[in-house]
Amino acid sequence: MFSYDSFVEAARAAAASAEPGKAVRELLSETVRDPELQAAGLPDQDEGETHLFEDETVSIWSCRFDPDVVMPPHEHLMDVHIGVVTGGEKNIFFREEDGRLVHVSSKVVQPGDVLSLGRNAIHGVTADGDRQSHALHVYIGPLMQIERRLFEWQSGRSVPFTMENFARLTLPPEDLPAY
């Protein structure tokens, strides 16, 4: 049976290995493909995003996204591996160009799949379709200890990553610019 505690310990060991990106991706891939975990889904959580653990090597989150909310474009400034357990997670990718955001592509990550993003990735996130998605996000580094940016949807202007800005820039899908 899946346990957050066991997963956190395995992810910490993988992140501290000689090849952390490869080790974390392999662990996450094995974890989200586990038939028991796929059948049961991840345990319920009160918040959409639950911070499970963080130290200097790794930050681990359990993330639920609803189809009626689109999380604003943001950066991580470190590698991240996203393993989807249930539902589809839609990632909308951008690049920064001349102080503005330029849409690059969109990708839906299905249950059992892992998406790896490099340290320069900028993306917005929502659930794909009409059901909630649930995934494990493993960052190679201390995500909550660094200053990051969010990006305004229309202007592409960057703003500090604060919870106030995050709430202000979160949109319902019908208000999302056409991509």
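Our subject in this report is the structure included herewith. (Residues numbered from 1 in each chain as written. Predicted model: local features only at pLDDT ≥ 70, side-chain atom pairs only at ≥ 80, totals over all residues. Heavy atoms only, no water.)

### So, the sheet that holds strand β7 (residues 114-117)
Here's step 1: If you trace the five strands from one edge of the open sheet to the other, you get β1-β2-β9-β4-β7, paired in antiparallel fashion. Among the strands making up the open sheet, the edge pair consists of β1 (49-54) and β7. Taking each pair of neighbouring strands and ignoring which way they run, the sheet shows an average axis angle of 20 degrees.
Here's step 2: As judged from the five bridges shared by β1 and strand β2 (residues 59-65), these two strands associate in the antiparallel manner. Among the inter-strand pairings, Phe53 is bridged to a residue of β2, identified as Ile60.
Here's step 3: Contacting β4 (80-86), β7 and β9 (133-139), helix α2 (residues 20-32) crosses the sheet at an angle of about 0 degrees to β4. (Pairing = 2+ DSSP bridges. Helix = DSSP H or I, 4+ residues; strand = E, 2+ residues; numbered from the N terminus. Axes fitted to C-alpha atoms, helices over the stretch in contact; angles between N-to-C directions. Contact = heavy atoms within 4.5 Å.)

### Some words on the nonpolar core
Here's step 1: Among the nonpolar cores identified, the biggest contains 22 residues, and Phe65, Ile82, Leu115, Leu117 and Tyr139 are the most heavily contacted of them.
Here's step 2: Every element with two or more residues in this core is listed here: β2, β4, β7, β8 (122-128), β9 and α4 (163-169).
Here's step 3: The residues touching Ile82, leaving out its near neighbours within four places in the chain, are Leu28, Glu89, Asn91, Asp113, Val114, Leu115, Leu117, His123, Ala135, Leu136 and His137. (Core = buried A, V, L, I, M, F, W, Y, C linked by side-chain atoms within 4.5 Å. Buried < 20%, exposed > 50% of the residue type's maximum accessible area, 1.4 Å probe, protein only.)

### Overview of unusual backbone geometry
Phi is mostly negative for residues that are not glycine, and the peptide bonds are mostly trans.
Here's step 1: Positive phi is not limited to glycine here, since Leu77 has a value of about 65 degrees.
Here's step 2: Mapped onto the secondary structure, Leu77 falls in the loop between β3 (71-75) and β4.
Here's step 3: Owing to a relative accessible area of 34%, Leu77 belongs among the partly exposed residues under this scheme.
Here's step 4: Here Asp98, not a glycine, exhibits a phi torsion of approximately 55 degrees, which is positive.
Here's step 5: Within the secondary structure, Asp98 is located in the loop between β5 (88-97) and β6 (100-109).

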